[in-house]
Amino acid sequence: MTSKDVYLVGVDIGTGNLKSIVVRIDGTVVGSSSQELTTSYLYPGWTEQDPNDWYLAFCKTFRETLSQSNIDTKKIAAVCFDAAAHTPVLLDNYDQVLRPAILWTDQRSVKQAEWLNSHYGDRIFKIGYQRANPTWTLPQLLWVKENEAHIFEKTRKLMIAKDYLRFRVTGTWETDWVDALGTLMVDAEKQQWSKELCDYIGWSMDTLPRIVSPREVVGKVGPQASRDTGLQEGTPVVAGSSDTAVEDYGAGAIEAGQGIIKLATAGNTNIMTERAYPHPLTFTYYHVIPGLWYSVAATNSCASAHRWLRDQFFQTEMGKAEEGEKDAFDIMDEIARDVSVGSNGLIFHPYLLGERSPYWDPFLKADFIGITMRHRREHFVRSLYEGIAFSLKDCLNSILNLGLELKEARIIGGGSKSALWRQIVCDVLGVEVSKPAVDDASYGAALLGGVGVGIFQDEKDAIKKCVKITSHSKPNPKNHERYAQLFEIYKKAHDQLVDICHRLHDFS
């Protein structure tokens with residue numbers, strides 16, 4: 001077969017939607033489809049999804065992708081899955097799902113995380129390389145034990161989101177080393193389940209799957225999944241990994257010192273490292289490439305804040321876009337382009353959902369500071385771009401303070417489609433950024449599948465052959481200097497407003 005008739009399938013369970021993609025082995029995307037996922041917010045701070053919805057969305061989107069790409073499914077060499085980390089799926093003795101999956105955004109286990117940190121915090125960090133917080137599976141399972149004891153007792157299998165979807169396709173049960181680490185139940189140094197961490201919440205080791213390489217072929221498409229999806233029965237299925245891990249990989253971050261800047265629903269900065277650099281203010285993960293790690297610092301509101309501004313200030317433009325006119329986001333870019341650096345003294349703190357790195361404070365509030373009569377909508381757009389870039393600088397600094405060096409950065413996510421926003425981020429951070437042609441997690445999963453079945457020599461070979469860069473942005477020295485001065489004001493304003501934000505929380 002030539003590169004024109006061999007294909008790879010990547011499937012990504014995102015926080016808001018599921019996406020299926022078909023990639024030719026030269027890296028060309030030949031088809032893709034996505035479907036929005038329903039998230040339940042039963043109580044304040046809760047976010048849950050029905051795991052069966054993932055399977056139904058996969059069946060639907062893959063059939064749509066097949067129709068779009070018009071390929072022969074016999075020429076699909078591998079299927080590989082990814083999903084947001086930390087999302088536990090609990091199965092009983094009959095492999096039935098016991099409760100909805102608790103997402104990484106869920107905050108119900110705040111008290112359980114506090115209890116774990118107060119009693120075992122030093123040991124948890126030493127063994128698992130992270131502090132307990134509601135993002136991680138360990139506190140979430142403790143919440144289940146304390147509030148749904150019957151579910152806790154009935155659990156016979158623990159799966160993470162992508163592992164459950166793969167289980168529905170292959171019938172096999174395993175997880176990769178990245179998602180395993182994300183449970184906060186693994187000895188990070190030994191790369192194996194930690195009985196000590198599990199014992200802290202009374203979790204049975206018998207419920208845990210074997211840990212494999214993200215590129216391992218773990219099964220084949222079964223007969224039922226073949227009928228449901230249109231995939232050929234017997235198609236190899238590769239383990240896969242977390243969304244961030246395959247996203248970084250698929251964007252081409254495969255060497256120590258390379259970094260990722262992500263402008264998505266949330267934003268983050270990641271730096272690839274040759275060893276682990278655990279710190280309480282950052283996340284520490286294995287890379288999909290053996291021996292590599294990456295450190296992460298994240299801000300809660302990025303493209304979500306962009307969408308919020310559009311919904312509140314650009315409703316007329318949104319209506320026109322529905323009638324076939326220019327997209328509201330494009331209009332926002334156009335009007336903000338002529339606004340000077342610093343938005344005429346308007347500064348935005350993007351804490352619409354509290355904040356993670358480096359403050360870890362759920363009670364912080366967003367604000368625009370410096371509003372005058374001269375400010376118009378375009379100033380607010382540019383100020384929002386700048387404020388999120390400042391927040392990303394806060395994140396990046398928390399990683400650089402570990403002694404790491406950012407040698408090269410790649411910018412990804414929906415927000416990176418804006419040339420103006422890319423340039424602002426570049427100017428604020430003072431680093432050159434490159435934009436890959438494709439930056440979906442599903443794309444990285446597809447390439448990883450190709451590695452698993454031997455299409456590529458190894459993980460790096462796949463990136464060198466498939467990943468293409470479409471643009472480069474270099475920092476403007478004058479703008480960078482101006483932004484450095486504004487960042488000092490941004491930081492001082494933050495410090496002054498912390499107490500006010502906490503006091504306002506009682507009224508929110």
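Scroll up to find the structure.
Here is a short report on the structure shown in this document. (Residues numbered from 1 in each chain as written. Predicted model: local features only at pLDDT ≥ 70, side-chain atom pairs only at ≥ 80, totals over all residues. Heavy atoms only, no water.)

Side note on the overall build of the protein
- The helix and strand tally for the protein stands at 17 helices and 23 strands.
- Whereas a compact globule of 508 residues would reach a radius of gyration of roughly 23 Å, the protein reaches 22 Å, a difference of no more than 12%.
- Once the C-alpha set of the protein is aligned to its principal axes, its extents read approximately 65 × 55 × 45 Å.
- Taking all 508 residues of the protein together, the buried fraction comes to 59%.
- For the protein, the proportion of contacts with a sequence separation of at least 24, taken over those separated by at least 6, is 71%.
- When the accessible surface of the protein is split by element, carbon and sulfur atoms take 48% of a total near 20,800 Å².
- Charged side chains of the protein number 55 positive and 65 negative; the gap between the two group centres comes to 2 Å. (Helix = DSSP H or I, 4+ residues; strand = E, 2+ residues; numbered from the N terminus. Rg over C-alpha atoms; globule rule 2.2 N^0.38 Å. Buried < 20%, exposed > 50% of the residue type's maximum accessible area, 1.4 Å probe, protein only. Contact = heavy atoms within 4.5 Å. Areas by Shrake-Rupley, 256 points an atom, 1.4 Å probe, with all protein chains shown as cover. Lys, Arg positive; Asp, Glu negative; His and termini not counted. Charge placed at Lys NZ, Arg CZ, Asp CG, Glu CD.)

Looking at the side chain of Lys-157
- Summarising the element assignment, Lys-157 is placed in strand β8 (residues 157-160).
- At 2.8 Å, the side chain of Lys-157 forms a polar contact with the side chain of Asp-95.
- Setting aside residues no more than four positions away along its own chain, Lys-157 makes contact with Val-89, Leu-90, Leu-91, Asp-95, Trp-173 and Thr-207. (Polar contact = N/O pair within 3.5 Å; in protein donor to acceptor, adjacent residues only side chain to side chain.)

Digging into the pattern of salt bridges
- Under the counting rule described, the total for this entry stands at 28 salt bridges.
- With a closest N to O distance of 3.1 Å, Glu-174 and Arg-166 form a salt bridge.
- Accessibility expressed as a relative area gives 0% for Arg-166, which makes it buried.
- Between Arg-503 and Asp-499 there is a salt bridge; the shortest N-O distance is 4.0 Å. Taken as a pair, Arg-503 and Asp-499 lie in helix α17 (residues 477-505) at a separation of four residues, close to a single helical turn.
- On the basis of relative accessibility, which here comes to 58%, the residue Arg-503 falls in the exposed class.
- Given a relative accessible area of 48%, Asp-499 falls into the partly exposed group.
- Each of Lys-162, Asp-163, Arg-166, Glu-174, Asp-176 and Asp-179 takes part in one network of salt bridges that share partners. (Salt bridge = Lys/Arg side-chain N within 4 Å of Asp/Glu carboxyl O.)

Side note on the pairing of strand β17 (residues 283-286)
- Because side chains alternate across β17, one face comprises the buried residues Phe-283 and Tyr-285, and the other comprises Thr-284 and Tyr-286, equally buried.
- Of the strand pairs in this sheet, β17 and strand β18 (residues 293-299) are connected by four bridges, and their pairing is antiparallel. Directly across from Phe-283, in β18, lies its bridge partner Val-296.
- The loop that links β17 with its antiparallel partner β18 comprises six residues; one of these, Gly-291, has a positive phi angle of about 95°. (Pairing = 2+ DSSP bridges.)

Section: the packing of aromatic side chains
- Enumeration according to the criterion identifies 25 aromatic pairs in this entry.
- Their ring planes at 10° and their centres at 3.8 Å tell us that Tyr-120 and Tyr-200 sit as a pair that is stacked. Here Tyr-120 is found in helix α2 (residues 110-128), whereas its partner Tyr-200 is found in the loop between α7 (195-199) and β12 (210-212), with 80 residues between them in sequence.
- Aromatic pair Phe-152 and Trp-203: ring centres 5.1 Å apart, planes at 80°, arrangement edge-to-face. With Phe-152 in helix α4 (residues 149-154) and Trp-203 in the loop between α7 and β12, the pair connects residues that are 51 residues apart, well separated along the chain.
- Take Trp-203: its relative accessible area is 3%, and that puts it in the buried class.
- A cation sits over an aromatic face here: Arg-108 above Trp-143, 4.7 Å from the ring centre. (Phe/Tyr/Trp six-rings, centres within 6.5 Å; stacked < 30°, edge-to-face > 60°. Lys NZ or Arg CZ within 6 Å of the ring centre and 35° of its normal.)

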